[in-house]
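Structural overview
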Amino acid sequence: MTTSRRVEPGQHALSDFRICDLTGQLAGAGATRLLAALGAQVIRIEDPVRQGRWDLLRGLEPFVDERRGIDLGAGFNNHNVEKLGVTLNLRSARGRELFEDLVRISDAVTENFAAGVLARLGFPYERLKQLRSDIVYVSNSGFGYRGPYREFKSWGPIVQALCGLTFSSGLPGHPPAGWGYSYMDHHGANFMAIAVLGALVHRQRTGEGQWVDMSCTEAGATLLGPALLDHSVNGRPLRREGMPNSNRSQSPEMAPHNIYPALGEDAWIAIACRDQSDWKALQLIIDKAWTASRRFVDLAGRLSHEDELDALIADWTRLQDRHELAERIRSAGVPASAVQTPSERIDADPGTSEWGLWPTVEHREMGQVRVDGLPFHLSETDWKMESGAPCLGEHNEYVFGELLGVDSGELAELRAAGVM
Amino acid sequence: MSSIPDGPIPAEGASGPLHGLRVVELASEWTAFAGKLLAELGAEVILVEATSGAPMRDYGPFAGDSKDREASLWWGHYQTSKLGVTLDLDEPDHRDRFLRMLSSVDMVLEGEAPGRLARLGIDHPERCANDPALIWISITPFGRDNPRAAEPATDLTLLAGGGPVWSCGYDDHTLPPVRGGGNQAMHTGGLHAVAAALAALLRREASGRGQHIDVSVYAAVNVTTEEATFRWLVAGETVERQTGRHASTRPTMPTMAPDVDGRHVNTGAPPRSTEEFTALLGWMEDLGLRDRFPDTVLLELGVERGGVNLADIDVDVEAQAIYGAGREALILIASRLVGYDFFVEGQRRGLATSLIYAPEEVLSDPHFIARGFPIEVRDGSRTEKVTHAGAPMIFGKSPWKLRSRAPQLGEHNAVKLGTQAGEAE
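Quick caveat, the model's predicted, so the values are computed rather than measured. (Residues numbered from 1 in each chain as written. Chains lettered and ligands numbered in written order. Predicted model: local features only at pLDDT ≥ 70, side-chain atom pairs only at ≥ 80, totals over all residues.)

1. Notes on the overall build of chain B
Helices and strands together make up the secondary structure of chain B, namely 16 helices and 14 strands. Split into buried and exposed, the 425 residues of chain B put 56% on the buried side. Partitioning the contacts of chain B with sequence separation of at least 6, the portion at a separation of at least 24 is 65%. (Helix = DSSP H or I, 4+ residues; strand = E, 2+ residues; numbered from the N terminus. Buried ≥ 20, exposed ≤ 12 C-beta atoms within 10 Å, placed from the backbone. Contact = placed C-beta atoms within 7 Å.)

2. Side note on the overall build of chain A
Looking only at helices and strands, chain A features 17 helices and 14 strands. Across its three principal directions, the C-alpha atoms of chain A cover 85 × 45 × 40 Å. Every one of the 420 residues in chain A was classed for burial, and the buried ones make up 58%. In chain A, of all internal contacts separated by at least 6 residues, the share reaching a separation of at least 24 is 69%.

3. Here we look at the pairing of strand β3 (residues 82–86) of chain B
Residue and element names in this part refer to chain B. Here β3 lies mainly inside the structure; 5 of its 5 residues are buried. The alternating pattern of β3 places Lys82, Gly84 and Thr86 and Leu83 and Val85 on opposite faces, both of which are buried. As paired elements, strand β2 (residues 44–49) and β3 share 5 bridges and run parallel to each other. In the strand pairing of β3, valine 45 is matched with lysine 82. (Pairing = 2+ DSSP bridges.)

4. Structural notes on the domain arrangement of chain B
As a measure of interface size, the accessible area lost when the parts come together is often cited. By domain assignment, chain B separates into domain 1 (22–224 + 391–416) and domain 2 (254–361). Computed over C-alpha atoms, the centres of domain 1 of chain B and domain 2 of chain B are 43 Å apart. (Domains from an automatic or database assignment.)

5. Description of helix α6 (residues 156–163) of chain A
A turn of α-helix holds 3.6 residues, and therefore any two residues three or four places apart point the same way. The buried fraction of α6(A) is high, at 8 of 8 residues. Here α6(A) has its buried residues at Gly156(A), Pro157(A), Ile158(A), Val159(A), Gln160(A), Ala161(A), Leu162(A) and Cys163(A). Those residues of α6(A) that are buried lie in contact with α7 (183–206) and α8 (216–221) of chain A together with β8 (245–248), β10 (264–269) and β11 (352–355) of chain B. Note on α6(A): the residue one or two positions beyond its end, Gly164(A), has a positive phi of about 105 degrees.

6. Here's the deal with the confidence of the model for chain A
When the pLDDT values of chain A are averaged, the result is 96; 98% of them are 70 or greater. Low confidence marks residues 1–9 of chain A, where pLDDT is under 50. Its contacts with residues over four positions away, or in another chain, come to 16 contacts. (pLDDT = per-residue confidence, 0-100.)

7. Focus: unusual backbone geometry
Negative phi is the rule for most residues except glycine; trans is the rule for most peptide bonds. Each neighbour pair has its own omega, and for Glu61(A) with Pro62(A) the value is 5 degrees, a cis peptide bond. Inspection of the secondary structure puts Pro62(A) in the loop between β2 (41–46) and α2 (74–79). At Asn183(B), a position not held by glycine, the phi torsion is positive, near 60 degrees. Secondary-structure assignment places Asn183(B) in the loop between α7 (164–167) and α8 (184–207). The class of Asn183(B) is buried, set by 24 C-beta atoms lying within 10 Å.

8. Section: the pairing of β11(B)
All names here are of chain B. Of the two faces of β11, the one carrying Ala352 and Ser354 and the one carrying Thr353 and Leu355 are both buried. The pairing of β10 with β11 spans 3 bridges and is classified as antiparallel. Counterpart to asparagine 266 in the pairing with β11 is serine 354.

9. Some details on the interface of chain A and chain B
On the side of chain B, 139 residues touch chain A, which itself brings 147 residues to the contact. When residues of the side of chain A that touches chain B are assigned to their parent elements, the largest contribution, 16 residues, is made by α7(A). In terms of residue class, the side of chain A that touches chain B is built from 79 nonpolar, 47 polar and 21 charged. Direction of pairing for strand β6 (residues 210–215) of chain A relative to strand β14 (residues 394–395) of chain B: antiparallel, over a ladder of 2 bridges. Within β14(B), the residue paired with Val212(A) across the bridge is Phe395(B). (Nonpolar A, V, L, I, M, F, W, Y, C, P; charged D, E, K, R; others polar.)

Right, here's the structure in full:
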């Protein structure tokens, strides 16, 4: 057995770590994506019988061209860059043995199945610990491994709905606007990455492994702290008349603070006056008599006449180009931004392009594809994204042959027998 | 009996994974959440604010609606488990004390305007020369090394420019798109910052060297928009916002519906498998709705066909109709039940149903309570305990822990600086 890595030791922050990875979708795959980009050797294990379809994104649109297939889902590629991919049937005896060998040479096992799935396959934490006494095991499910809902099903929108995030996004007098994407899949993944890294830090210091149980719903509820305190301290619920009103700012109080119409179809601009000096600067730009009204002279006045203030500002913004206006407002030191389309923020914004936020990876079938980068840079051991997501079983030979020492004859047999 | 093993229970009295790690945080609205995470994972986080108090002490809501500077619940949430000291970094002697404090820390966490610390001569490059093991984390709106670094920004403008707002709102596009509430830009930057900091810490164990971590909140929200980004990157297609559900390149069916009381539920993931269609039909039968629902026959077809495959929905008209009927049936059921019953009864039957809680409703939910999520913290200035959000994850051996309420102004000056609160030399 060898411990060779694709990444030379010492080159990246996590080059010394290997992850035995059973995650999928975004809530799990996003966690090990981050670890892989930082240099961890992430070995993603998929079920050959179902062709890895447990992860819906594998064969789901969008696609880069007219080709369709299990290796061609672009979402899957985005969420699985820099990982190695193997297939292994954990219901077969030899498949289980090889999985055990992988656990023995891994620092962490990660999964985001429904609670209990991995145990039913014969690998509860107790078993993983027998295989490697200091193993770090991180499970990430909608509701976690304890509590009355632990067997419940979930996906991003369910998590967001239950933790309060969906409710917290909206305009008064309308149903919740919620999140137009699986926000908590992203943060489920980010919290999960922190769980893995935190447990590895603990192991590095004490030699002790552990199980970290993540409930995505619980993690989501930690993202609404001030609202929870307002209720527990003041008895004031967010479910009340006129709330939520999340384009305005209650914490801290600011006015004007909203998203206003601009020239063009579905064109909008966000403006936020943090304090009195921002308001004075904005007054000069608006340059209309109404801004000097006593009603708007201080924050208290602007807050108590906020509907009127917002209507007047909207009348002013309505006929202006949102980018030019935002630039003019920002030049005066006041926060403002066009509500940007994907095209604008990805292809025409130095704030992202100069960061290197959209790296191009090489995928075996898709070729060169741009993906999400990471929002931090490390001065000594930065992340890298060069290789795309693995095709189904792409690294079977390297992982089972080179890492685990299975000879080519047996590899062929195992392939034929559907073990991989 | 359930085949699910019980998840870990946090070891009583054990320390968090970052126990023994010392962090100095310069109080900032960009770092507060990251600092809280580090503190509650066990690090000693010393929060430095000006002697006049950090501006975030004026962020509402306030306990008792008093605008006292110790009553901010923003502060009360984000600064828990930290120690608080006061230093005016513009004053040379305070700066010296700050530098002395740095000599014994592992990490610095700051969100100062790019350039400010360099002008004061206390930035990363100088410190790192003295202490190569130091890990220095900067969380700023656009990142330090960015052409937009000097631009003014808030949570709203970052989320508006960076993608999330484009995807959130209502079917009716005469209504503005919507910013999700609750300081999510700071959270998004903070989570990435902590992940990067822990990776740097692991690296330091091997190399003995720290490093600088430059975090851009704007970049963070840009890569936290799921399909809106990767669909543009690969297919050049633009998603459009829809009420309470995923933004999409073409209209999809509503997923939210009012319950019997007019509160909204999320119908979750509609049935796809044979078992799920069978369960849905059984539920409708039990509620006396099977014969009243016009598309029951489609649900039965779902059973006969052996379910539907999501990947076929665009090309298979029948599959599309069956999938849609599942959603409609759930909307009908929701209209007859209280949201909580819709959620729990649906899930009990194997359907991925949900309800939409306001944040505070989480605190009285039996599942969250059973997991110990709501936790009570004693607040020195009040007699009663205050319920806070608990652990985002349960570490079996090295538990997350909310150790103390947020520090009052200069509360730990004596212990950490050897001076009293408000004392000027």
